[in-house]
Amino acid sequence: MGVRGSTLIGVAILVWVAWIVLATDSETRIDRTCQPVLWVGNVATSITQLTFNEHQDSVQESFESADYACRFTVWRLLHEDAWIESHQGTNPEAQTGEGE
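Computed from a prediction, not measured in an experiment: that's the story for all the values here.

Draft legend 1. Inspection of the environment of histidine 79 at higher detail. Secondary-structure assignment places histidine 79 in helix H3 (residues 56–87). You can call histidine 79 partly exposed: its relative accessible area is 24%. Separated by 53 residues in sequence, histidine 79 and serine 26 have C-alpha atoms that sit 9.2 Å apart. Excluding its chain neighbours within four sequence positions, the residues that come into contact with histidine 79 are Ser26 and Ile30.

Okay, here's the thing in structure tokens:
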């Protein structure tokens, strides 16, 4: 009776979620949430370097862009409302209604 692949993937996801939750601050949680994007990017860049060396830079840039998108998305999900609240009233155009 062996372990199924889906069981291993499920365990890996649970460990990853626990790793995120156990982080002590928000920045670390964002880093840990998006870490798999970097892992896959490193593997893909390495494989591309071995097979199609001339495309290595574009693959690496694509995964760096995906990492930024991940971090931005997670930040917005966790912190955008608090950031907007803390910055209300600091934009003079927003107070006077100009710029619409």
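Following the structure, the description resumes.
Draft legend 2. Molecular detail of the pattern of salt bridges. Overall, the coordinates contain three salt bridges when judged by the stated rule. Residue arginine 71 is joined to aspartate 31 by a salt bridge in which the shortest nitrogen-to-oxygen separation is 2.3 Å. Here arginine 71, found in helix H3, pairs with aspartate 31, found in helix H2 (residues 26–51); they are 40 residues apart in sequence, far enough to count as distant. Arginine 76 serves as the salt-bridge partner of glutamate 80, at 3.0 Å between the closest nitrogen and oxygen. Separated by four residues within a single helix, glutamate 80 and arginine 76 lie in helix H3, roughly one turn from each other. Taken together, the salt bridges that share partners define one network made up of Asp31, Asp67 and Arg71.

Draft legend 3. Region of the structure containing the state of the cysteines. Applying the stated rule across the entire model yields one disulfide. Covalently, cysteine 34 is tied to cysteine 70 through a disulfide, its sulfur atoms 2.1 Å apart. On the sign convention where negative is left-handed, the bridge of cysteine 34 and cysteine 70, at about -90° about the S-S bond, is left-handed. Of the two residues, cysteine 34 is situated in helix H2 and cysteine 70 in helix H3; the sequence distance between them amounts to 36 residues.

Draft legend 4. A look at the environment of aspartate 25. Here aspartate 25 shows up in the loop between helix H1 (5–21) and H2. Classification of aspartate 25 by relative accessible area gives partly exposed; the value is 35%.

Draft legend 5. Examining the packing of H1 against H2 more closely. Two elements in contact, H1 and H2, have axes whose closest approach is 7 Å; the angle formed by their N-to-C orientations is 145°. Along the contact surface, H1 presents Trp16, Trp19, Ile20 and Val21, while H2 presents Arg29, Arg32, Thr33, Gln35, Pro36 and Trp39. The residue makeup of the contact of H1 with H2, split by class, is six nonpolar, two polar and two charged.

Conventions and cut-offs
- Residues numbered from 1 in each chain as written.
- Predicted model: local features only at pLDDT ≥ 70, side-chain atom pairs only at ≥ 80, totals over all residues.
- Heavy atoms only, no water.
- Helix = DSSP H or I, 4+ residues; strand = E, 2+ residues; numbered from the N terminus.
- Buried < 20%, exposed > 50% of the residue type's maximum accessible area, 1.4 Å probe, protein only.
- Contact = heavy atoms within 4.5 Å.
- Salt bridge = Lys/Arg side-chain N within 4 Å of Asp/Glu carboxyl O.
- Disulfide = S-S within 2.5 Å.
- Axes fitted to C-alpha atoms, helices over the stretch in contact; angles between N-to-C directions.
- Nonpolar A, V, L, I, M, F, W, Y, C, P; charged D, E, K, R; others polar.

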